[in-house]
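Residues per chain are reported as follows:
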Amino acid sequence: MKTFGFTNQGGLSKYTVPTLVFTLLAVHFLLGASSAIRKSNTYDEIVHITAGFSNWTQQDHRGDPVSGALPKGLAALPLLFMDLSPPDPLSEDVFTDFLYNPANPTDQMLFRARLMIMLLSMCLGYAVFLWSRNLFGVKAGLFSLALYCFSPTMLAHARLATSDLAAALFFMLSLGALQKLLARPGLLSSVLAGLALGGLMASKLSFLIIFPVAAVLMIMHWAGKGRKRGDMAKCLPWMAFALALAISTVWALYGFRFYAAPEGGLSLAAGSSVSGIWALLIKTKFFPESFIMGLWDVFHKLSLRDGFMNGAYSITGWVLFFPFCMAVKTPEPIILIAALAAGALFLHRRDSKAFQARPLWVFVLVYMAMAMSVGVNIGHRYLLPMYPAVFILAGALIHYWGDRPRLRIAAPACLLILIAQSLWIWPHYLSFFNGISGGPGRGYERLVDSSLDWGQDLPALKEWQDQKTDDLPVYLSYFGTALPEHFGVHAEKIAPMNLDKPGIPALKPGWYCISATYLKQVYTGALGPYSRPFEAKYQEFNQLVHDLGLGKKSDPSPVQAEIISKFRRARFARLCHVLGQRRPDAVAAYSICIYKVDQSELHRALFEPMPGLPKTRMVKGAGDYTLF
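Since the model is a prediction, treat every value here as computed from it, not as a measurement.

Procedures and definitions
- Residues numbered from 1 in each chain as written.
- Predicted model: local features only at pLDDT ≥ 70, side-chain atom pairs only at ≥ 80, totals over all residues.
- Heavy atoms only, no water.
- Patch = residues over 30% accessible without salt bridge, like charges linked within 9 Å, V, L, I, M, F, W, Y side chains within 5 Å.
- Areas by Shrake-Rupley, 256 points an atom, 1.4 Å probe, with all protein chains shown as cover.
- Salt bridge = Lys/Arg side-chain N within 4 Å of Asp/Glu carboxyl O.
- Helix = DSSP H or I, 4+ residues; strand = E, 2+ residues; numbered from the N terminus.
- Buried < 20%, exposed > 50% of the residue type's maximum accessible area, 1.4 Å probe, protein only.
- Pairing = 2+ DSSP bridges.
- Contact = heavy atoms within 4.5 Å.
- Axes fitted to C-alpha atoms, helices over the stretch in contact; angles between N-to-C directions.
- Expected span 1.5 Å × (residues − 1).
- Core = buried A, V, L, I, M, F, W, Y, C linked by side-chain atoms within 4.5 Å.
- Lys, Arg positive; Asp, Glu negative; His and termini not counted.
- Charge placed at Lys NZ, Arg CZ, Asp CG, Glu CD.

Caption draft 1: Here's a closer look at a nonpolar patch on the surface. Taken together, the side chains of V66, L208, F211, L243, V298 and F299 present a nonpolar region at the surface, about 450 Å² in accessible area. As for its position among the elements, L208 is in the loop between α9 (187-201) and α10 (210-222).

Encoded structure:
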């Protein structure tokens, strides 16, 4: 059998290897798809799907410019064959109005969009198998593929209609194509590199990391023994051709249109204030306008961002944030396998196979170094492209030490433990934390946002609500873009939800369901542990509300509405401070903390003095960052 990479069977029967590969990928697909139908849309999916549909049907590329056109377009592709009410670009919330339009089948739209990304994940899994098999043999390839297929991290994002999985796929394809181009420069290798790089550029703006990786690999390649100057001269024109083809591919995926708006005319958010390289890119129309908008957003609008890590807070990030993410979100068997594989590669570093694996470990090291240098610490998902490379390198363990008796037991044992962990955490893959960190039950103490709580668990909250036997009121503070009512969740919304509505709803004893991200005061306007500055603001707003009689006003002035909004945020921060001092009474899918609050606890949270508060905000880089 000489097709689809199954030429070397490693001593296995003719049909065994393709059967095992197909089975592993099929199980991966089934785990992802079966868990996807049990999750509400994550924070970004609603934007990706709507923007992708607008790209196809209205040639409107203004929505979500930070994410590439390729994954958005792919996710929205099956929606073109459905009878849908299209997005209204004049709507105040075009994304919600499209996905949750009563005329549109929301659940079908979301599931079909997610299935398209699952197909990409199967392609990436197959690429992992081929690369590992070509380096270390067919058994190593199967081992690497199994690690990929049962990785909670890969399963978490393989079933989401976002750009993260597409970026991971095209990072691997670009890396492999670059290696081929350096080894055998020519038309075919140059075309493959150009198409792969173009796909990466049109998938996620983190594509910039591939260039320092390429620079390191070129230096290592041309500095090697036996290299001649002519090798570089022969390769450079083909690399230039590949880069030109990549840029052409980006243009093709944006419909060969410069303007983001269908009616034409510049729509860059910065307007006339754009200068320097951005003005040059616009003037020369080097890239599509939407692509430039995305780059501009990344470099100018994400310089400060709420960050939370293991009880610490920052708006400028931490150098060790991403290593910490990998340490607590990676299953222990994968950590052990990766460490042993790294040892095997080091000890056999002069071997040809270890030498051929250098693009992978260069990519892992450079990617992590670049991630650590960025101050925006949003989530573990930004490390997703590293994992396939780690899984491929894990094949070295089988290749070099597979004949050692202890390893013959240890490697399968690790794999079995990983499979057990993956099946145990199903369908809550995004909420996975390893046992070293305390497990998913304590995940909200380690990380929040897209590392744990991305708005995906309204169905789980609905299940909890259906099982509730008392008549106590339910209050909800949900971090996400899904509509609770669509999933049958009925609760009174509290801050920071619906802050634009007048009045100050009274809080009563009952069940308080709070997303982990909001519980930790991320994106609430009150970043950081509750402190004396927060308490002073709370008392100030409380007094203003009382003196101005704002609690019952249905038509406050803009100034009064701002005071009401800030008071509701401050009250919520105080409530979370009190509740956060104890374990939740229940947790919906590890991401929504549920507290049963009686009258005494509520009174303490809203009225009683708060002794022992920190004197300062204790937020790294906060400075004069405004409260509420």
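Caption draft 2: Fine view of the pairing of strand β3 (residues 474-477). Alternating residues of β3 divide into V474 and L476 and Y475 and S477, and every residue in both groups is buried. Pairing geometry for β3 and strand β4 (residues 492-493), over 2 bridges, is parallel. Paired with L476 across the strands is K493, a residue of β4.

Caption draft 3: A look at the sheet that holds strand β5 (residues 510-515). Taken in spatial order, the 5 strands make up an open sheet running β4-β3-β5-β7-β6, and their pairing is mixed. Strands with a single pairing partner mark the edges of an open sheet, and in this sheet they are β4 and β6 (586-588). Contacts from helix α23 (residues 558-579) reach β3, β5 and β7 (592-597), with the element oriented near 100° to β5.

Caption draft 4: Seen up close, helix α6 (residues 138-150). Its 13 residues place the ends of α6 18 Å apart at the C-alpha level, agreeing with the 18 Å of an ideal helix rising 1.5 Å per residue. Of all 13 residues that make up α6, 12 are buried, and the element is covered over most of its length. Here α6 has its buried residues at V138, A140, G141, L142, F143, S144, L145, A146, L147, Y148, C149 and F150.

Caption draft 5: Spotlight on unusual backbone geometry. For the peptide bond that leads from W426 to P427, omega is 0°, which places it in the cis range. Its place among the elements puts P427 in the loop between α19 (405-425) and α20 (458-467). The omega torsion of the bond from A495 to P496 falls at 0°, within 30 degrees of zero and hence cis.

Caption draft 6: Here's a closer look at the nonpolar core. One finds F291, L383 and Y512 to be the most contacted residues of the largest nonpolar core, which totals 170 residues. What Y512 contacts, discounting residues up to four positions off in sequence, is Y475, I494, L507, L575, L579, C593, I594, Y595, V597 and L602. Judged by nonpolar contacts, the second largest core, of 33 residues, contains L476, A482, C513 and A588.

Caption draft 7: Examining α9 more closely. Taking 1.5 Å as the rise per residue, α9 with 15 residues should run 21 Å; its terminal C-alpha atoms sit 21 Å apart, in good agreement. Inspection of α9 places S189, S190, A193, G194, A196, L197, G198, G199, L200 and M201 among the buried residues, and these make up the whole buried set.

Caption draft 8: Just a negative patch on the surface, in detail. Taken together, the side chains of D88, E92, D93 and D97 present a region of like negative charge at the surface. For D97, a relative accessible area of 40% puts it in the partly exposed group.

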